[in-house]
Amino acid sequence: GAEFVSPRLDVYASVSEQVMAILKEATPLVEPLSLDEAFLDVRGAQRLLGTGPEIAAALRTRIRAELALTASVGVAGTKMLAKIASDLSKPDGLLVVEPGTELAFLHPLPVSRLWGVGPKTRAKLDRLGVGTVGELAAVPEDTLVRALGDANGRHLHRLANNDDDRPVEPERAVKSIGHEETFAHDRSDRAGLARDVIRMSDLVAARLRASQKVARTVQLKLRYTDFSTITRAHTLPTPTDLAATIAGEANGLLEAAELRDGIRLLGVTAMGLEEA
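What counts and how
Residues numbered from 1 in each chain as written. Predicted model: local features only at pLDDT ≥ 70, side-chain atom pairs only at ≥ 80, totals over all residues. Heavy atoms only, no water. Buried < 20%, exposed > 50% of the residue type's maximum accessible area, 1.4 Å probe, protein only. Helix = DSSP H or I, 4+ residues; strand = E, 2+ residues; numbered from the N terminus. Arc of directions from axis to C-beta. Contact = heavy atoms within 4.5 Å. Polar contact = N/O pair within 3.5 Å; in protein donor to acceptor, adjacent residues only side chain to side chain. Pairing = 2+ DSSP bridges. Axes fitted to C-alpha atoms, helices over the stretch in contact; angles between N-to-C directions. Phe/Tyr/Trp six-rings, centres within 6.5 Å; stacked < 30°, edge-to-face > 60°. Lys NZ or Arg CZ within 6 Å of the ring centre and 35° of its normal. Core = buried A, V, L, I, M, F, W, Y, C linked by side-chain atoms within 4.5 Å. Salt bridge = Lys/Arg side-chain N within 4 Å of Asp/Glu carboxyl O.

Engineer: Help me get a handle on helix 9 (residues 150-160), residues and values and all.
Structural biologist: Every buried residue of helix 9 is listed here: Gly153, Leu156, His157, Leu159 and Ala160. Seen end-on, helix 9 carries its buried residues on one side only, within an arc spanning 165 degrees. Where helix 9 is buried, its residues contact helix 4 (79-89), helix 5 (102-106), helix 6 (119-127), helix 7 (133-138) and helix 8 (141-148). Just beyond helix 9, the residue with positive phi is Asn162, at close to 55 degrees.

Here's what the structure looks like:
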């Protein structure tokens, strides 16, 4: 009984540009994450526009008034906490993590809130008896390194202690634009996966156009039931931002790939980006 409506991806990209323009009027330090998400560093704007929470409230009001859209905002001293606060304030809220309360806010949360904790990592942390961020913070770093590997163990130990010094990078060079999804159940229906590739390619193409980029290479990513992951790529004779071209290449790569016992994750990425 569901009614399916075609997405208007070009409209979304156009509205995204309007939202980002409003954000950049508050501060030039805006780092877009996607069509509908961005980090802002407002420290340099506080003398003129007020505190972080005041700036956030004003931006929410303006976005609603000018674009008839809701905006959920998290205000915090690190990018990770701002992102978590934003997620927790959805669908239409403002959540502020006051200085000095960061660990009290962070540590009761489930460990899955941290960047980098997917199903595989979560299973390993379950074996360590770790369910919350606070429990993760209490695990010695060398124990996490042994359980999760050097890079991931050190990374999660830092995040669990709110050690996140990454700056907002407005001029960050975008090397690829992609979309991937982890399925609730492993998939082996090749026709259905091909339809998902078309849908993901639409999203990737819209983001390419919004970024005024074209891609020379299309990559397909598959993760299997056993968590092993493969990528397959093909380079185009001419760079593109067209969904049909990206989907055609990605589905060609899918046709040549084995599905084995089932697909847990599927992704389409545009690489080798150039200015449109």
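Engineer: Could you give an account of the side chain of Asp196, naming the residues involved and the relevant values?
Structural biologist: Along the polypeptide, Asp196 turns up in helix 10 (residues 190-210). Within the local environment of Asp196, its side chain forms a polar contact with the side chain of Arg187, the two groups lying 3.0 Å apart. The contact partners of Asp196, leaving out residues within four places of it in the chain, are Phe183, Arg187 and Leu266.

Engineer: Go over the environment of Asp142 with me, naming the residues and quoting the values.
Structural biologist: Relative to the helices and strands, Asp142 resides in helix 8. Judged by relative accessible area, Asp142 falls into the partly exposed class, the value being 45%. Expressed as a C-alpha distance, the spacing of Asp142 and Ile198, which sit 56 residues apart in the sequence, is 43 Å.

Engineer: Describe the sheet that holds strand 6 (residues 213-224), and please don't skip the residues or the numbers.
Structural biologist: Reading across from one edge, 5-8-6-7 is the order of the four strands in this open sheet, with antiparallel pairing throughout. What marks the edges here is a single partner per strand, and that holds for strand 5 (176-187) and strand 7 (229-240). Within this sheet the neighbouring strands show an average axis-to-axis angle of 15 degrees, counted without direction. Where strand 5 and strand 8 (residues 263-275) come together, eight bridges link them in antiparallel fashion. If you follow Thr182 over to strand 8, its bridge partner there is Leu265. The strands touched by helix 10 are strand 5, strand 6, strand 7 and strand 8; relative to strand 5, the strand with the most contacts, the crossing angle is about 155 degrees.

Engineer: Explain unusual backbone geometry residue by residue, including any values.
Structural biologist: With an omega of 20 degrees, the peptide bond between Lys90 and Pro91 qualifies as cis. Inspection of the secondary structure assignment puts Pro91 in the loop between helix 4 and strand 4 (94-96). Even without being glycine, Phe227 reaches a positive phi, approximately 75 degrees. Here Phe227 lies in the loop between strand 6 and strand 7. Of note, Arg260 is a non-glycine position whose phi angle comes to about 50 degrees, a positive value.

Engineer: Please give an account of the packing of aromatic side chains that cites residues and values.
Structural biologist: Applying the stated criterion across every chain yields a total of one aromatic pair. With centroids separated by 6.3 Å and ring planes inclined at 85 degrees, the aromatic side chains of Phe39 and Trp115 adopt a geometry described as edge-to-face. With Phe39 in strand 2 (residues 37-40) and Trp115 in the loop between helix 5 and helix 6, this residue pair connects regions lying 76 residues apart in the sequence. A residue is classified by how much of its surface remains accessible, and Phe39, at 8% relative accessible area, is buried. For Trp115, a relative accessible area of 27% gives the class partly exposed. Positioned over the ring face of Tyr224 is Arg260, at 3.8 Å from the centre of the ring. Note that Arg264 overlies the ring of Phe227, its terminal NZ or CZ placed 4.5 Å from the centroid.

Engineer: How would you explain the nonpolar core if you had to name every residue and give the values?
Structural biologist: Counting 27 residues, the largest nonpolar core has Leu208, Leu220, Leu222 and Leu266 as its most contacted members. Listing elements by their share of this core, those giving two or more residues are strand 5, helix 10, strand 6, strand 7, helix 11 (243-255) and strand 8. Top element by residues in this core is helix 10. It accounts for six residues. With sequence-adjacent residues up to four places away left out, Leu266 is seen in contact with His179, Glu180, Glu181, Phe183, Leu193, Asp196, Val197, Met200, Leu220, Lys221 and Leu222.

Engineer: Describe the pattern of salt bridges, and please don't skip the residues or the numbers.
Structural biologist: One pass over the full model with this rule turns up 24 salt bridges. Asp92 is the salt-bridge partner of Arg64, the closest N and O atoms lying 2.6 Å from each other. Residue Arg64 is located in helix 3 (residues 52-67), and its partner Asp92 is located in the loop between helix 4 and strand 4; the two are separated by 28 residues in the primary sequence. Arg166 is paired through a salt bridge with Asp164; the nearest N and O atoms lie 2.6 Å apart. For Arg166, a relative accessible area of 37% translates into the label partly exposed. Through salt bridges with shared partners, one network takes in Glu181, Arg187, Asp189, Asp196 and Arg199.

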